[in-house]
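Breakdown of the fold
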Amino acid sequence: MEARKLLILILLIINLFVFGYKVHIYPYDLDLNYYFNEKFEVIIIETDSLYEYNFLTGQQYSKAAIYIPEENIIITEPFYVLKRLNIFRNTIIHELYHYYLTNYFNMNYEYQEIYIEKMGF
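These figures come from a predicted structure and were not determined experimentally.

Structural notes on the sheet that holds strand E3 (residues 65-68)
One open sheet holds the 4 strands; their spatial order is E1-E2-E4-E3, and the pairing between them is mixed. Two strands bound the open sheet, and with one partner strand each, they are strand E1 (22-26) and E3. Within this sheet the neighbouring strands show an average axis-to-axis angle of 25°, counted without direction.

What follows is the structure, encoded as structure tokens:
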């Protein structure tokens, strides 16, 4: 598992220079019209294609984004895909909640999913 995390980090660094993934920093680059109790910054990496998303994360296309707690980053499918499916805002807020609950409440993943679902994201 540790090797996979290292591989993801190395691939992200290489791909940022070679493929030019779009890097966004919440809250500066995204206006979600949603506010958390704490102010924080999160790096969000938007992949260029669904294939690259799957390659980097190992996730199926049905999982639109993933928060990687060890790196404190969010990796998403291309924004145009999320917007076309009308899930852009909810997906980003969902993953931001994972960041928030992990870093400010040290809540485990299973409880996070229950909490976020009750919040409507």
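Considering the confidence of the model for the protein
The share of residues in the protein with pLDDT of 70 or more is 86%, and the mean pLDDT across the chain is 87. Averaged pLDDT values for the elements of the protein fall to 67 in helix H1 (residues 2-18) and rise to 96 in helix H3 (residues 79-84).

Let's talk about the pairing of strand E2 (residues 42-46)
Most of E2 is tucked away: 4 of the 5 residues are buried. Where E1 meets E2, 5 bridges bridge the pair, whose relative direction is antiparallel. From the neighbouring strand, Val-23 faces E2, where its bridge partner is Ile-45. As paired strands, E2 and strand E4 (residues 73-76) are joined by 4 bridges and run parallel to one another. If you follow Ile-45 over to E4, its bridge partner there is Ile-75.

Topic: helix H5 (residues 109-119)
The backbone nitrogen of Glu-110 lies 3.3 Å from a side-chain oxygen of the residue at the head of H5, namely Asn-108. Gly-120 sits one or two residues past H5 and shows a positive phi near 95°.

Regarding the side chain of Glu-77
Tracing the sequence through the fold places Glu-77 in the loop between E4 and H3. Put simply, Glu-77 is tucked away with no salt bridge, and the nearest opposite charge, on Arg-84, sits 7.8 Å away. When near neighbours in sequence (up to four residues on either side) are disregarded, Glu-77 contacts Glu-46, Thr-47, Leu-50, Tyr-53, Gln-60, Tyr-61, Ser-62, Lys-63, Ala-64 and Leu-82.

Side note on the nonpolar core
Counting 24 residues, the largest nonpolar core has Leu-32, Phe-36, Phe-40, Ile-92, Leu-96 and Tyr-97 as the members making the most contacts within it. For this core, the element with the highest residue contribution is helix H4 (residues 88-105), accounting for 8 residues. Residues in contact with Leu-96, not counting those within four places in the same chain, are Tyr-26, Leu-32, Phe-36, Phe-40, Val-42 and Ile-74. Tyr-21, Ile-45, Ile-68 and Ile-75 belong to the second largest nonpolar core, which has 8 residues in total.

Remarks on the packing of aromatic side chains
Each pair of aromatic rings is reported with the distance of its centres and the angle of its planes. Tallying each qualifying case throughout the model produces 19 aromatic pairs. Ring geometry for Tyr-34 and Phe-121: centres 5.2 Å apart, planes at 80°, overall edge-to-face. Taken together, the positions of Tyr-34 in the loop between E1 and E2 and Phe-121 in the segment after H5 put the pair 87 residues apart, joining distant regions of the chain. Each ring, one from Phe-79 and one from Phe-88, has its centre 4.8 Å from the other, and the planes form 70°; the classification is edge-to-face. Comparing Phe-79 with Phe-88, the two get one shared label, buried.

Rules used throughout
Residues numbered from 1 in each chain as written. Predicted model: local features only at pLDDT ≥ 70, side-chain atom pairs only at ≥ 80, totals over all residues. Heavy atoms only, no water. Pairing = 2+ DSSP bridges. Helix = DSSP H or I, 4+ residues; strand = E, 2+ residues; numbered from the N terminus. Axes fitted to C-alpha atoms, helices over the stretch in contact; angles between N-to-C directions. pLDDT = per-residue confidence, 0-100. Buried < 20%, exposed > 50% of the residue type's maximum accessible area, 1.4 Å probe, protein only. Polar contact = N/O pair within 3.5 Å; in protein donor to acceptor, adjacent residues only side chain to side chain. Lys, Arg positive; Asp, Glu negative; His and termini not counted. Salt bridge = Lys/Arg side-chain N within 4 Å of Asp/Glu carboxyl O. Contact = heavy atoms within 4.5 Å. Core = buried A, V, L, I, M, F, W, Y, C linked by side-chain atoms within 4.5 Å. Phe/Tyr/Trp six-rings, centres within 6.5 Å; stacked < 30°, edge-to-face > 60°.

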